[in-house]
Amino acid sequence: MSDLFHGEKNGQRIGRKSNIVVMHVEKRNKKILWFRNNLRTHDASYWKYIAPEDEVIAVYCIEPNWLQPTCYGWKKMEVFRAKFLLETLHVLQVNLSKFGIQLYVFQKTASEAFRDIYNEFPFDTIISQNEWTSEERAIENEIKTTFLNVNWNTFYDQFLIHPEDLSFSIQDLPNVFTTYRKKVEQSWNVKNCIELPNEKFTSVELSFSKEIPTVEDLGYASISIDHRSAFPFQGGENSALKHLKNYIWEFQQIKTYKETRNELVGVNYSTKFSAWLANGSLSPRIIYQEIRKFEEEVIANESTYWVLFELLWRDFFKCVSLKFGDALFYQSGILDRKYHWKQNPTIIQNWIDGKTEYDFVNANMLELKLTGWMSNRGRQNVASYFAKEKEQDWRIGASYFESMLIDYDVHSNYGNWNYLAGVGNDPRDRKFNIDLQAKNYDSFHVFRNLWLTKNKVEV
Ligand SMILES: Cc1cc2nc3c(=O)[nH]c(=O)nc-3n(C[C@H](O)[C@H](O)[C@H](O)COP(=O)(O)OP(=O)(O)OC[C@H]3O[C@@H](n4cnc5c(N)ncnc54)[C@H](O)[C@@H]3O)c2cc1C
């Protein structure tokens with residue numbers, strides 16, 4: 001060992017030659033917060049991995065293939081979710097800048113963007129949310145093979161209950177929701193929310209544009225919100241947190257959730273948390289925390305419990321996708337069950353256009369086409385019609401939902417489609433009686449009239 005170096009501590013090499021102290025201060029860490037489906041600053045694990053002495057930038061990549069047609073002809077991400085996403089990014093950019101962190105939004109693949117960034121900002125660490133489905137993993141693997149020596153800090157902020165905090169391993173996940181729920185409810189092992197930092201970070205200015213594109217820049221036609229939409233909300237954590245406060249505290253709609261959740265018209269029948277949850281601009285843990293507080297301070301009833309019950313469905317499908325991996329996307333699903341699936345272009349197009357033999361299916365499909373939203377009751381009926389009644393390849397229906405839904409979430413969407421198509425977690429393999437459902441849930445035709453009255457519909 002040269003006599004120059006006597007010790008090594010916290011990245012600083014301290015040496016002594018005769019009586020001169022030489023300090024070689026190592027370069028500061030350069031870290032990237034790579035945002036994926038965790039588009040928020042509140043309750044965010046990444047704060048634990050950065051310190052004020054680090055140089056930190058934030059990056060989001062709009063992958064070009066999201067804007068391209070799939071093999072079925074529709075875009076992977078249609079305009080409704082694109083608009084919501086861009087609004088979300090605007091808010092995230094402003095909120096991060098309050099901490100001195102710049103968000104750069106790229107319209108290229110993440111691996112291309114990271115190569116460009118590296119030339120200007122030779123980063124040593126990438127901090128990101130774990131995403132394990134195949135397309136998301138492929139994006140990450142490309143970065144990993146390009147940057148072999150980069151450190152990764154990852155976390156699971158999309159869950160209510162962290163997978164490692166379950167009382168069983170993912171491989172032992174029960175296949176039936178009720179069994180899973182009962183186990184989880186024994187301890188409700190939900191972590192506390194993570195506080196925002198007190199400090200500001202050193203701002204790193206790079207030459208890349210910080211401009212967030214418009215929907216038109218991404219090649220979509222402009223849209224305005226249909227006045228009948230049950231989901232007229234803006235993207236971003238600010239509106240998410242405001243809505244959470246209104247729903248629970250201000251208007252206390254949570255008190256009657258169990259009675260209203262199967263309704264079909266208007267903004268208030270269910271929580272409408274899903275779209276913010278899907279892109280991570282709302283933390284499931286903050287919802288949990290607020291509900292528990294409301295239960296302590298105002299009232300705990302079946303309705304307050306039932307929102308948590310539904311959030312467990314969301315977690316359950318994430319665990320299902322962790323356990324079964326790509327089988328979630330196979331025609332035979334997680335059960336590996338074979339049916340004779342059909343692909344009839346006329347039946348599929350009529351379903352999309354709301355031209356089936358059931359006015360209840362039609363009204364729901366028009367709502368989706370015109371707004372990017374459909375209620376849970378609607379989703380169950382139109383999926384059951386598509387897969388069980390018409391026996392059309394359920395993956396086509398799931399792909400159409402993926403394209404159109406504002407709240408598209410890979411695990412919830414494909415998990416629910418598996419379930420309804422009879423290749424997933426439904427132990428009873430149900431088929432919906434659509435006439436009966438329409439009678440029960442739209443007895444006065446209010447919902448159907450809203451979407452099917454001729455002078456209102458332009459398809
Ligand atoms: C075929 C089909 C496809 C679906 N695709 C999606 C999807 O892509 N993204 C998505 O978030 N949800 C999906 N769902 C689940 C459900 O329809 C929506 O989460 C719900 O309608 C959203 O409205 P809300 O936020 O008002 O829900 P609420 O009724 O208020 O429920 C509260 C929260 O619980 C969760 N939740 C409720 N029901 C379910 C469920 N069945 N599965 C998983 N989570 C649930 C959601 O996060 C929701 O925000 C799908 C359901 C079906 C039947």
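Criteria and cut-off values
- Residues numbered from 1 in each chain as written.
- Predicted model: local features only at pLDDT ≥ 70, side-chain atom pairs only at ≥ 80, totals over all residues.
- Heavy atoms only, no water.
- UniProt positions renumbered as here; feature names shortened; annotations may be inferred.
- Helix = DSSP H or I, 4+ residues; strand = E, 2+ residues; numbered from the N terminus.
- Rg over C-alpha atoms; globule rule 2.2 N^0.38 Å.
- Buried < 20%, exposed > 50% of the residue type's maximum accessible area, 1.4 Å probe, protein only.
- Contact = heavy atoms within 4.5 Å.
- Patch = residues over 30% accessible without salt bridge, like charges linked within 9 Å, V, L, I, M, F, W, Y side chains within 5 Å.
- Areas by Shrake-Rupley, 256 points an atom, 1.4 Å probe, with all protein chains shown as cover.
- Salt bridge = Lys/Arg side-chain N within 4 Å of Asp/Glu carboxyl O.
- Pairing = 2+ DSSP bridges.
- Axes fitted to C-alpha atoms, helices over the stretch in contact; angles between N-to-C directions.
- Near = heavy atom within 4 Å.
- Polar contact = N/O pair within 3.5 Å; in protein donor to acceptor, adjacent residues only side chain to side chain.
- Nonpolar A, V, L, I, M, F, W, Y, C, P; charged D, E, K, R; others polar.
- Domains from an automatic or database assignment.

The chain goes by Cryptochrome DASH in an unreviewed UniProt entry, where it is assigned to Flavobacterium haoranii. Quoted straight from UniProt, the Sequence similarities (unreviewed entry) entry for the chain says "Belongs to the DNA photolyase class-1 family." Per UniProt, the chain has the following entry under Function (unreviewed entry): "May have a photoreceptor function."

**Q** I tried to follow the overall build of the chain on my own but got confused; where do I start?
**A** Counting secondary structure elements, the chain contains 16 helices and eight strands. Expected size for 459 residues packed as a compact globule is a radius of gyration near 23 Å; at 24 Å, the chain falls within 12% of this value. In terms of overall dimensions, the chain has C-alpha extents of about 90 × 50 × 45 Å along its principal axes. Sorting the 459 residues of the chain into buried and exposed places 54% on the buried side. Long-range pairs, those at least 24 residues apart, make up 79% of the contacts in the chain between residues at least 6 apart in sequence.

**Q** Just checking my understanding: could you explain a nonpolar patch on the surface for this structure?
**A** Residues Val265, Phe444 and Val446 make up a contiguous nonpolar surface patch of about 330 Å² in total accessible area. With respect to the helices, strands and loops of the structure, valine 265 is situated in the loop between helix H6 (257-260) and helix H7 (274-278).

**Q** Looking at this model, I keep getting lost on the sheet that holds strand S8 (residues 151-155). Mind explaining?
**A** Sheet strands pair via backbone hydrogen bonds, and the direction of the pair is either parallel or antiparallel. Taken together, five strands build an open sheet; the order of strands is S6-S5-S4-S7-S8 and the sheet is parallel. Among the strands making up the open sheet, the edge pair consists of strand S6 (102-106) and S8. Averaged over all adjacent pairs, the angle separating strand axes in this sheet is 25 degrees, with direction ignored. One ladder, built from five bridges, connects strand S7 (residues 125-129) with S8; its direction is parallel. What sits directly across from glutamine 129, in S8, is phenylalanine 155. Contacting strand S5 (55-61) and S6, helix H1 (residues 79-97) runs over the sheet at an angle of about 155 degrees to S6.

**Q** Would you mind showing me how to read the site of the ligand here?
**A** In the neighbourhood of the ligand, 27 residues make up the surrounding shell, with Tyr257, Ser270, Thr271, Lys272 and Asn376 lying closest. Contact distances for the ligand include 2.6 Å between an oxygen atom and a side-chain N or O atom of threonine 271. Take aspartate 407: an N or O atom from its main chain is 2.8 Å from a nitrogen atom of the ligand. Bound to the protein, the ligand loses 97% of the 810 Å² it would expose on its own. Contributions of two or more residues to the shell around the ligand are made by H7, helix H9 (302-324), helix H12 (376-389) and helix H14 (410-421). Taken together, the residues of the shell around the ligand sort by class into 13 nonpolar, eight polar and six charged. Two domains each provide a minimum of three residues to the shell around the ligand, namely domain 2 (162-192 + 237-325) and domain 3 (330-456).

**Q** I would appreciate a short explanation of the side chain of lysine 318 in the present structure.
**A** Tracing the backbone shows lysine 318 in helix H9. Separated by 2.9 Å, the side chains of lysine 318 and aspartate 409 make a polar contact. Filtering out sequence-adjacent residues up to four positions away, lysine 318 remains in contact with Trp132, Gln158, Phe159, Asp409 and His411.

**Q** What is the right way to read the side chain of serine 332 from this model?
**A** One can find serine 332 in the loop between H9 and helix H10 (345-353). Note on serine 332: relative accessible area 12%, which makes it buried. Among all residues touching serine 332, those that are not within four sequence positions of it are Arg337, Lys338 and Val423.

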